[in-house]
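Close look at the chain arrangement
Take a look at the letters that make up each chain.
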Amino acid sequence: MAKSHASVDESPPLKWKGLHGRINPIMETFVNSIKDSYVPLGVTYGQRTFSYDEYNLILHRMCKKFERPDDSQALIRKNNTVLEMFDYDTNWAIRWFQPARDRTIGGFERHQLYLIREKLREIVNSHYSFCVDNIGFPSGETVISAKGDVSLYAKLRDREQLTCTEECFTRFASLAYNHAGLRHVIKRHFRQFVAESGLSMKAINSHIYENVSKLHSKNVPYWAFVVKLRYVITIVDSARITTVRKENSKDRVIELDALCNMICQRTIANSIRKLIKIVFDIDLDESQVIHRLLINDLANATIDLKNASNSVWLKVVEWFLGGTRLFSDLMGTRCGLVRFNDTKHSLNMLAPMGNGFTFEIMTLILLTVCREYDSFAHVFGDDIIVDRDVAPSVITMLNHLGFQINETKTFINGSFRESCGGFTSHEKYITSFDFEWCEDEVDAVVTLNKIWVLMSTTKHVELKRKLQELHRELMTHVPPLLLRGRIPIINFANDKLTAEKEHFLTLRRRNRRNSDGDLFSVNHVLIGGHTCVVLHGDLDITDSRYDLSTGVFCDFKVLQRLQRRDEKCKEHYRSEHFTRMRADLNWNNCSLS
């Protein structure tokens, strides 16, 4: 696979444009050559040596998602995926959930369920509030397609996007009236509506206030706003189901709700996040880092759920939360009827992926369940970490609630753990990456750097040799001007996690001091043409060493040898920008741009 550097010098100058087109075929050939040479992620991991787990995990993740996109069967794949979701919702749904009458639930589990319900309701009644302070806005498409223009500004300026279900209208009206930005948007659309109708704004306002005053003696401005909102909003009765590409054989189902419903859903989600922070002292924005730290302790078991978002059954949620303000808001803002093409389906699940609060309500219920067994349990969506001694009991309880365990990513015994993209074996972190088909030049740069990092960190001799050969061949297609000098990081996964941990800990402290007692200070340093934020005295996740898109990484000696022979690089070396950069930064610690 390897080619000499002499061949690079004799070939025409390489260009940055089209790099992904040169990288993809080589990666495809390599992936096809190793498909049968590794053991997929599963129960065998953690039963042997660290080297065994590292070798198989790296190759497994390289092959898992890397495939040439094939849209020839896109429509069939989309239809099959949606129909499969409808079938799951129909045939696997829990339509009746009454633990007191269910003979399949043991006495101890039944007792635990009632304790969990009592605690959950107490938490919600004490700390949940649906108010404008927690308002949130959705990203992505809604029930009315925006043709890719999905910024919040684009959606709010388009009156067609202002859609809502009848059940959610009152909640959205309250939010919009108490939010200065939304109130301005609604009034602006109402003025446009009146202008298009050829009517007088003054006369319409006078007419509205006169009629509202007869019906409501209090809060007249609010009720007048509700009347205006009725003129500019479109009432819908269902959400739209679509899919996004996941693999060549399967898509991922996404629910696209009305915009106003989604704003209310995100408000509920933010309220739940605040509740979890207050009660459990868990910040979901930091939970992924916490999970990756916890898996380094083999006393913890990691449990992963299969099809979790679609397994939060409405009857189960009703049994836990029925009669609370939270459940009322969930029912008022969810869209129980979804449509796909000409088919309409009434959901038995709370809501599929794409709904604004599915992740948060699932986390809240699972976290309360797990804390009943382990006071230090941690949950992030469908990723669960509990003490391994109680893990079997937790799994039994989750089965009663309608969840299915993902056996390939659940690890209770042995020396291997996985959670939130982190992997450990024998209490050591494994550096590994997912690889996907490169869609543009930036993807190609990231792919090259992933291979460089793996090549630098792996201790497996055979794997290192394979990656070195692959990297040499890929590097023959990289223009020298794109290269960046880097010192290899011995354990990329561990060092990056340490940097993320220190970053969160520093930001949490009021005096902004890091673990060494140094005062937090922000320095903006120009490295390789990129402004990098550096925390004084420690690592930071914005350090360019952890950003794999800033250029193609290589050894400094290789960098200087190749760039000094390249005409474009020579021009750049003589430029004023490069001279200024060398004066500002230490040559050995900066990247060449």
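Higher on the page you've got the structure.
Criteria and thresholds
The written sequence of each chain sets the order in which its residues are numbered from 1. Per-residue local features of the predicted model are confined to residues with pLDDT of at least 70, and side-chain atom pairs are confined, for both listing and counting, to 80 or more; whole-chain, interface and lining totals are unaffected and use all residues. As a rule here, side-chain values cover all heavy atoms of the structure and leave hydrogens and water aside. Numbering of helices and strands starts at the N terminus; helices are DSSP runs of H or I of at least 4 residues and strands are runs of E of at least 2. When accessible area is computed with a 1.4 Å probe and restricted to protein chains, residues below 20% of their type maximum are described as buried, those above 50% as exposed, and intermediate ones as partly exposed. A 1.4 Å probe and the Shrake-Rupley method give the accessible areas. Residues count as covered only by the protein chains that appear here. N or O atoms within 3.5 Å of each other form a polar contact, as long as, within protein, one can give a hydrogen and the other can take it, and as long as residues adjacent in sequence are counted only when both atoms are side-chain atoms. Only a pair of cysteine sulfur atoms within 2.5 Å counts as a disulfide in this structure description. By definition, a salt bridge exists where a carboxyl oxygen of Asp or Glu is found within 4 Å of a side-chain nitrogen of Lys or Arg. To qualify as a nonpolar core, a set must consist of buried Ala, Val, Leu, Ile, Met, Phe, Trp, Tyr and Cys residues joined through side-chain atoms within 4.5 Å. Contact definition: two residues touch when any of their heavy atoms are within 4.5 Å. For a helix, the expected span equals 1.5 Å multiplied by the residue count minus one.

1. Remarks on the overall build of the protein
The number of helices and strands found in the protein is 22 helices and 17 strands. When burial is assessed residue by residue, the protein has 50% of its 593 residues classed as buried. Total accessible area on the protein is roughly 28100 Å²; 50% of this is exposed by carbon and sulfur atoms.

2. What about the environment of arginine 95?
For arginine 95, the position within the fold is in the loop between α4 (74–91) and α5 (107–127). Sequence-wise, arginine 95 and leucine 314 are 219 residues apart; in three dimensions their C-alpha atoms are separated by 8.1 Å. A polar contact of 2.7 Å, which involves the side chain of arginine 95, links it to the backbone oxygen of threonine 90. Side chain to side chain, arginine 95 and asparagine 348 meet in a polar contact 3.4 Å long.

3. Comments concerning the state of the cysteines
Applying the stated criterion across every chain yields a total of zero disulfides. Cysteine 260 forms no disulfide, and the closest cysteine sulfur to it belongs to cysteine 164, at a distance of 4.9 Å. The buried category is assigned to cysteine 260, whose relative accessible area is 0%.

4. Concerning the pattern of salt bridges
The tally for this structure, following the rule as stated, stands at 21 salt bridges. The partner of lysine 466 in a salt bridge is glutamate 462, with the nearest N and O atoms 3.5 Å apart. With a gap of four residues between them, lysine 466 and glutamate 462 both fall in helix α18 (residues 461–475), about one helical turn apart. Of the residues examined, glutamate 462 reaches a relative accessible area of 37% and is grouped as partly exposed. Through salt bridges with shared partners, one network takes in Arg266, Arg273, Asp285 and Glu360.

5. A look at the nonpolar core
Residues Ile303, Phe320, Leu321, Leu326, Ile361 and Leu364 are the most contacted members of the largest nonpolar core, which totals 102 residues. The biggest single contributor to this core is helix α11 (residues 259–280), with ten residues. When near neighbours in sequence (up to four residues on either side) are disregarded, leucine 364 contacts Leu120, Val124, Ile272, Leu275, Ile276, Phe280 and Leu326. If you look at the next biggest cluster of nonpolar residues, it comprises 46 residues, including Phe433, Phe435, Val552 and Leu562.

6. What to know about helix α8 (residues 180–197)
Relative to the 26 Å expected for 18 residues at 1.5 Å per residue, α8 spans 26 Å between its end C-alpha atoms, a close match to the ideal helical length. Among the residues of α8, those classed as buried are Leu182, Val185, Ile186, His189, Phe190 and Val194. Buried residues along α8 sit in contact with α6 (152–157), α7 (169–178), α9 (201–215), α10 (220–232) and α11. Following α8 by one or two positions, glycine 198 adopts a phi angle in the positive range, close to 75 degrees.

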